[in-house]
Amino acid sequence: MKTKTFLLAVFLLVGLSVNLKSQTSNLNPKIGLVLGGGGAKGGAEVGVLKVLEEAGVRPDYIVGTSIGSIVGCLYAAGYTSSELEQMFTQQEWLSLLTDRRSDLSNEPYKKVGGVLYIFGFPVIDTDNMSFGMLGGGRVEATVDSMLKKKGCTEFKCLKTPFRCVAAQLIQAEEVVLHKGKLPRAIRASMAIPGLFKPVEIDGKKLVDGGMMNNLPVDVARDMGADIIIAVDLQQNKQDSRKPTDNFIISLAEAVGIGPIVRWIFDRPDIEKYNENVKHCDIYINPPLPDADATSFGNNNMRRMIDIGEKEARKQLPKLRQLTQKQTY
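Residues numbered from 1 in each chain as written. Predicted model: local features only at pLDDT ≥ 70, side-chain atom pairs only at ≥ 80, totals over all residues. Heavy atoms only, no water.

Q: Looking at this structure, how should I read the overall build of the protein?
A: Looking only at helices and strands, one finds 13 helices and 11 strands in the protein. Here the protein holds 328 residues, and the buried ones make up 48% of them. Across the protein, every contact between residues at least 6 apart in sequence was considered, and the portion connecting residues at least 24 apart equals 73%. For the protein, the accessible surface area stands at approximately 16,600 Å², while carbon and sulfur atoms represent 55% of it. (Helix = DSSP H or I, 4+ residues; strand = E, 2+ residues; numbered from the N terminus. Buried < 20%, exposed > 50% of the residue type's maximum accessible area, 1.4 Å probe, protein only. Contact = heavy atoms within 4.5 Å. Areas by Shrake-Rupley, 256 points an atom, 1.4 Å probe, with all protein chains shown as cover.)

Structure follows, in structure tokens:
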């Protein structure tokens, strides 16, 4: 009899604990902010952050891909939207992304340390002939410098938990980065295949996360987010494709490059993107039809920030409702 009474008491306590946990979660939902990839269009994400701050929304988790990883990382480190706005509108993006050396800008042809420069732009690195032309070293150094100002260059010391998405190129696998040095992780997340050299982390050669997951809503869910605010920079939507099997894929698998060739035919990133869009609670898709991933420049940045802010304002009622649910 005592055993039955004891088991009944344990059962009731467990049930009460689960119920209280559920009620607490409903009263204080965890908010995940997801920042998609899109190159220069990332300026629109800064505009969205301005509106989130105005509404009093403070994300509990932040996830980013490519340019979204830069914005998200700096925001997680404590930079405000106004500070990011200043950085985005004043940064010399062409030099930053191309590793251009200003001291060689007047040199038609110059080779320094194995690197051939044309008017300061690196075009060939004879000491590192890996897939991709640009190293991305200046991006890494710039992010490192900015993070040091906030006293945080590693994932573990960020004010807000943060993840960024990269991909293994040949294996066509998504890699979620969550530990170690932030500048290198950011550099990997935005290493566009064919343009930037892959970045090696933990023995894996990584490239831009947009290859596998350009709007990582699922990553934010896995972190524990109850409510997702997603900023999607993609403009051209595509239908998911059916899996393909043909002679080319079979041949590619025989020589060890099956995953990347299958990715070219099947585009699993499109399927994941379409699924992730369905699972957003607040979806912000700034209209940037005349901008592309290379539309850097101060005037373009200012315009994109304004567009992002304007689009986010359409969601202000929902955003303000979130602040009423958040308790700290």
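Q: Any chance you could explain the side chain of Gln-168 here in plain terms?
A: Along the chain, the position of Gln-168 falls in strand β6 (residues 162-168). When its relative accessible area of 9% is taken as the criterion, Gln-168 is described as buried. Setting aside anything within four residues of it in sequence, one finds Gln-168 in contact with Glu-173, Val-175, Lys-204, Lys-205, Leu-206 and Met-211.

Q: What is the right way to read helix α6 (residues 137-149) from this model?
A: The α-helix advances 3.6 residues per turn, and as a result positions three or four apart in sequence lie on the same side. In this model, α6 (13 residues) spans 19 Å end to end at C-alpha, consistent with the 18 Å of a helix rising 1.5 Å per residue. Along α6, the residues that are buried comprise Val-139, Glu-140, Val-143, Met-146 and Leu-147. One side of α6 holds all its buried residues, which, seen down the axis, span an arc of 135°. Among the exposed residues of α6, those pointing more than 90 degrees away from its buried face are Lys-148 and Lys-149. One or two steps after α6, the chain reaches Gly-151, where phi turns positive at roughly 70°. (Expected span 1.5 Å × (residues − 1). Arc of directions from axis to C-beta.)

Q: How should I be thinking about the nonpolar core in this particular structure?
A: One recurring pattern in soluble globular proteins: nonpolar side chains tend to sit buried together. The biggest cluster of nonpolar side chains holds 62 residues, and the ones touching the most others in it are Phe-162, Leu-177, Ile-229 and Leu-319. Aside from chain neighbours lying at most four places away, what touches Leu-319 is Val-51, Leu-52, Ala-55, Val-57, Ile-229, Ile-282 and Ala-312. Ranked by size, the runner-up nonpolar core spans 14 residues in total, among them Val-165, Met-223, Ala-225 and Ala-230. (Core = buried A, V, L, I, M, F, W, Y, C linked by side-chain atoms within 4.5 Å.)

Q: What exactly am I supposed to notice about the packing of helix α2 (residues 43-55) against helix α4 (residues 81-90) here?
A: A pair of packed helices can be characterised by two numbers: the angle between their axes and the separation between those axes. Between α2 and α4, whose axes approach to 9 Å, the crossing angle comes to 160°. In this view, α2 runs roughly antiparallel relative to α4, as classed from their interaxial angle. In the packing of α2 onto α4, the handedness of the crossing is left-handed. Of α4, the residues touching α2 (which contributes Gly-43, Val-46, Leu-49, Lys-50 and Glu-53) are Ser-81, Leu-84, Glu-85 and Phe-88. (Axes fitted to C-alpha atoms, helices over the stretch in contact; angles between N-to-C directions. Parallel < 35°, antiparallel > 145°, perpendicular 65-115°, else oblique. Left-handed = near helix turned anticlockwise from the far one by under 90°.)

Q: Help me understand the state of the cysteines in this model?
A: As used in these notes, a disulfide is a covalent bond between sulfur atoms, one from each of two cysteines. Applying the stated criterion across every chain yields a total of one disulfide. Just so you know, Cys-73 is unpaired, no disulfide at all, and the nearest cysteine sulfur is the one on Cys-152, 7.5 Å from it. Cysteine Cys-164 remains unbridged, with the sulfur of Cys-73 as its closest cysteine sulfur at 7.5 Å. (Disulfide = S-S within 2.5 Å.)

Q: Is there a simple way to think about the side chain of Gln-234 in this case?
A: Here Gln-234 is to be found in the loop between β10 (227-231) and α9 (247-254). Once residues within four sequence positions are removed from consideration, Gln-234 is found in contact with Asn-214, Tyr-273 and Asn-285.

Q: I would appreciate a short explanation of the packing of aromatic side chains in the present structure.
A: Describing an aromatic ring pair means giving the distance of the ring centres and the angle of the ring planes. In the structure shown here, the tally under the stated rule is one aromatic pair. The positively charged end of Lys-150 is found above the aromatic ring belonging to Tyr-79, 4.7 Å away from the centroid. (Phe/Tyr/Trp six-rings, centres within 6.5 Å; stacked < 30°, edge-to-face > 60°. Lys NZ or Arg CZ within 6 Å of the ring centre and 35° of its normal.)

Q: So what exactly am I meant to see when it comes to a nonpolar patch on the surface here?
A: Taken together, the side chains of Ile-170, Val-255 and Ile-257 make up a nonpolar region of the molecular surface, amounting to roughly 250 Å² of accessible area. Of note, Val-255 is situated in the loop between α9 and α10 (258-266). Given the relative accessible area of 58%, Val-255 is considered exposed. (Patch = residues over 30% accessible without salt bridge, like charges linked within 9 Å, V, L, I, M, F, W, Y side chains within 5 Å. Salt bridge = Lys/Arg side-chain N within 4 Å of Asp/Glu carboxyl O.)

Q: Sorry if this is basic, but what is going on with the confidence of the model for the protein here?
A: When pLDDT drops low, the exact placement of atoms in the prediction is not to be read closely. Looking at the protein, the pLDDT average stands at 81 and 74% of residues meet or exceed 70. Every residue in residues 6-25 is under pLDDT 50, and counting partners more than four places away or in other chains gives one contact. Contacts from residues 117-121, a stretch scored under 50 in pLDDT, to residues over four places away or in other chains number 27 contacts. (pLDDT = per-residue confidence, 0-100.)

Q: Sorry, what's going on with the pairing of strand β2 (residues 61-65) here?
A: As a general feature of sheets, a regular strand has side chains that alternate between the two faces. Buried residues dominate β2, accounting for five of its five residues. Side-chain alternation along β2 places Tyr-61, Val-63 and Thr-65 on one buried face and Ile-62 and Gly-64 on a second face that is also buried. Note that strand β1 (residues 31-35) and β2 share four bridges and pair parallel. Bridge pairing links Leu-35 to Gly-64 in β2. Crossover handedness for the path β1 to α2 to β2: right-handed. (Pairing = 2+ DSSP bridges. Right-handed = clockwise from strand over helix to strand, strands pointing away.)

Q: Would you explain unusual backbone geometry in this entry?
A: In most cases, non-glycine residues show a negative phi, while peptide bonds are predominantly trans. The phi torsion at Ser-66 lies on the positive side, around 55°, for a residue other than glycine. Summarising the element assignment, Ser-66 is placed in the loop between β2 and α3 (67-76). A residue is classified by how much of its surface remains accessible, and Ser-66, at 8% relative accessible area, is buried. A positive phi angle is found at Arg-267, which is not glycine, with a value near 45°. Residue position: Arg-267 is located in the loop between α10 and α11 (268-278).

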